[in-house]
Amino acid sequence: MWRKIFVLVKKDLLAEWTSKEILSSTVFFSVLVLMVFNFSFEMVTDRMVAGPGILWTTFLFAGILGMNRLFLTEREDGGIEGLMLCPIDRTTLYIAKWLSLLVILSLTEIATLAVFVVFFNIALQGGLIALVAVIVLGTAGLAALGTTFAAMAVRTRTREMMLPMLLIPISVPLLMAAVKCTAAVLGGATLASVGSWLQLLIAFDVIFIAVGYMTFPTILEE
Amino acid sequence: MSAQTAPAIEARQVRKHFGHAIALKGVDFNLPQGDFLTLFGPNGAGKTTLVRIFATLAHPSSGEIRLFGQPLSDGSSDLRRRIGVVSHKSFLYGALSASQNLLFYARMFDLPDPQRSVEQILERVGLAHRMHDAVGTFSRGLEQRCAIARALIHEPDLLLFDEPFTGLDPEAADQLAGLLHQLHDSSRTVLLTSHDLNRGAEMADQIAILAAGRIVYQERRAEFAGTDLADLYRTATQKGRA
Amino acid sequence: MASTSPPDPNLETHPSGAMEVDSPVRTSPSPGLIAVAAAAMIASLYAALLYAPTDSFQGNVQRIFYTHVPAALTMYVAVTLIFFASILYLQKRDERWDEVGAAAAEVGALFGTVVMITGPLWARPVWGTWWTWEARLTSTFVLWLIFIAYLMLRAYGGSPEQVARFCAVLGIIGFLDLPIIHFSVIWWRTMHPQPVIMTEEGLGAGLPGSMLATVALGLVAALLLFTVLFRHRLRVERLSRQLLAMRRSLDLSPGEDL
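First things first, this report covers the structure right here in the doc. Model, not experiment: these values are computed from the prediction.

## Describing the pattern of salt bridges
Thought 1: Scanning the model with the defined rule gives 31 salt bridges over all chains in all.
Thought 2: The salt bridge partner of Arg116 of chain B is Asp113 of chain B, with a shortest N-O separation of 3.5 Å.
Thought 3: The class for Arg116 of chain B is partly exposed, based on a relative accessible area of 48%.
Thought 4: You can call Asp113 of chain B partly exposed: its relative accessible area is 34%.
Thought 5: Residue Arg96 of chain C pairs with Asp94 of chain C through a salt bridge whose shortest N-O separation is 2.8 Å.

As structure tokens, this is what we get:
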């Protein structure tokens, strides 16, 4: 199974490497969102108050763009059906798509973070590893729900419009936890000081990866 | 029945409904191994649904299907190694080259030497000269040939072609017909759906007609040879509607 | 349970010819149930407006809580019903469980809307603000949004069979999200202390017996009303699906007349 997952993820990343279709739009969009936030929050003297929220809002919006794109590519040429004709379980497809999404979203977020640090004049003291951990945990949960909901959304009549409506309400606790943890790290505190938020983040990831894994065959079936 | 002589496809009372809309109303169907069968039927008769069910892409609402004697219902993920599907969608990634696409599928089907299989199959469908070009730049005809290569790469025993002639210019259609002839000679089982009565019947050992969710006609070549196909088709589909 | 007699037995005929006789949930509320629900509603109104004493702090505006709290609890009953109907649908693939989900979601969203309207009406005079991101408010609001998302998915989800599958998945995800939302909004608030205008205890604890009884009566009335509306909605859902099927078998497009 893991070999097949590797082949599937490699295919997604190779296609993205060739076309750069997803990353070019998500990264550019992130820069635009950060710029808009910068004007909107110019009055806020302490950038750290709004910073973590701005960062995660940008991750979320750019993420939605990327999720839709990843699944529309599969939808356009009937690629996902090509995958469904391969001798693998549908659940394997879920893990592979989740991993592909995780990689593509993470790359977007690295670029976003760099722009964020410059625009908002943030000093990343020492807490970089903790910050990366928080971002990975938050992105893992977003990608878990994103894989489920984007696979649904591209099959609905409203297409990509449906994804934010499904994803955002369900992700509220994840965003809260991610913002709290990010604020702690950027403020120089340890992750232990937000231990319960961190646990919530992990619980969210575990629950929705499990639900997504179990329900993915249902979404693809006919 | 032993696995060697079991029919390639054996369907009993296959029904499929989406909510209250009924696509298939109890299809009984038998296709012996090595036969080439063309399935005709008006739009909305359920041809695509039936092919999708045989391809493991859709589940029947009720009824039983066996491929090579093995029931489809019991986790058919390994049975897919014996099936190749060509539909009007290519199942290929436009950003990737022909060989990258095929290499991917070769690995998904655990072929022992993916690189060699890809080169061989591209040679066979006459695409070797374009193997490094992105599929997105191909004409419809070339893309179709690449899609056929994809369906053949794991040497399946059963080939399902859903409306393969759709959207092809006459030249590409002739090439496709030539390929189908080749496949017919290679003792594979082929199920083809088509609108084109003459082209569809040309190479078939059997023809069948699906109308209003039921098989209303299925005969071997000896039976239908020499009869007016258009007339036969009209009578059969009207029978289905009644 | 006595079976309800359909007005026209022909309406119950499935296009395939199979009769739909058994039903996992009874549709169409009986006249007795409607009468009991109506009586409970009137009694609850009487208790809320006349029987319960006027709150010494808040005055008469506090009486809105006898509508607000029962409606909120009923919304949670609806989401639980959707959760179980979703699981049963995915297990049994019986379309009627999908109908249960559809009916419960619509009526549940209605009760949620009552909560979302009565809350700010009360908060404005008492808290001095229409809205505050207080824990219970926030979690109720997020749940209401999930209801709306569910209804959107039903409206635009594609073929009926696909809508059923997708909504079942969302019904399960939404329900599992509730406890996580609950904890997150409580922690969010405690770490961001806001000016406390009214203590949490003031809402429930130390309530006089007559007020408690009024809330209980309000809850009974709300649940009965929910049951009546839910069954009506379920019946409408079933009939409209059968109508659609009959139109299909006659090759009529929706809205087209014979």
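## Comments concerning the packing of helix H1 (residues 2-19) of chain A against helix H5 (residues 90-119) of chain A
Residues and elements named next belong to chain A.
Thought 1: Contact geometry for H1 and H5: axes closest at 9 Å, N-to-C directions at 40°. In terms of axis orientation, H1 runs oblique to H5. Along this stretch, H1 crosses H5, giving a crossing that reads as right-handed. Across the interface between the two elements, Trp2, Lys4, Ile5, Leu8, Val9, Lys11, Asp12, Leu13 and Glu16 from H1 touch Thr92, Leu93, Ile95, Ala96, Lys97, Leu99, Ser100, Val103 and Ile104 from H5.
Thought 2: Across the contact of H1 with H5, the residue classes tally to 11 nonpolar, two polar and five charged.

## A few points about the nonpolar core
In globular proteins that are soluble, nonpolar side chains generally tend to be buried together.
Thought 1: One finds Phe149 of chain A together with Ile9, Phe29 and Leu160 of chain B to be the most contacted residues of the largest nonpolar core, which totals 214 residues.
Thought 2: Looking at this core element by element, the count peaks at 16 residues for helix H7 (residues 162-186) of chain A.
Thought 3: Among all residues touching Phe149 of chain A, those that are not within four sequence positions of it are Leu163, Leu166, Leu167 and Ile170 of chain A together with Leu170 and Ile173 of chain C.

## Section: the packing of aromatic side chains
Two measures describe an aromatic ring pair: the distance that separates the ring centres and the angle between the ring planes.
Thought 1: Tallied over the full model, the rule gives 20 aromatic pairs over all chains.
Thought 2: Here the aromatic rings of Phe104 of chain B and Tyr105 of chain B are separated by 5.0 Å at their centres, their planes lie at 65°, and the arrangement is edge-to-face.
Thought 3: Given the relative accessible area of 4%, Phe104 of chain B is considered buried.
Thought 4: Ring pairing ties together the aromatic residues Trp197 of chain A together with Phe183, Trp187 and Trp188 of chain C, which thus form one cluster.
Thought 5: Above the plane of the ring of Phe104 of chain B lies Lys11 of chain A, whose end atom (NZ or CZ) is 5.3 Å from the centre.
Thought 6: The positively charged end of Lys20 of chain A is found above the aromatic ring belonging to Trp17 of chain A, 4.9 Å away from the centroid.

What counts and how
Residues numbered from 1 in each chain as written. Chains lettered and ligands numbered in written order. Predicted model: local features only at pLDDT ≥ 70, side-chain atom pairs only at ≥ 80, totals over all residues. Heavy atoms only, no water. Salt bridge = Lys/Arg side-chain N within 4 Å of Asp/Glu carboxyl O. Buried < 20%, exposed > 50% of the residue type's maximum accessible area, 1.4 Å probe, protein only. Axes fitted to C-alpha atoms, helices over the stretch in contact; angles between N-to-C directions. Helix = DSSP H or I, 4+ residues; strand = E, 2+ residues; numbered from the N terminus. Parallel < 35°, antiparallel > 145°, perpendicular 65-115°, else oblique. Left-handed = near helix turned anticlockwise from the far one by under 90°. Contact = heavy atoms within 4.5 Å. Nonpolar A, V, L, I, M, F, W, Y, C, P; charged D, E, K, R; others polar. Core = buried A, V, L, I, M, F, W, Y, C linked by side-chain atoms within 4.5 Å. Phe/Tyr/Trp six-rings, centres within 6.5 Å; stacked < 30°, edge-to-face > 60°. Lys NZ or Arg CZ within 6 Å of the ring centre and 35° of its normal.

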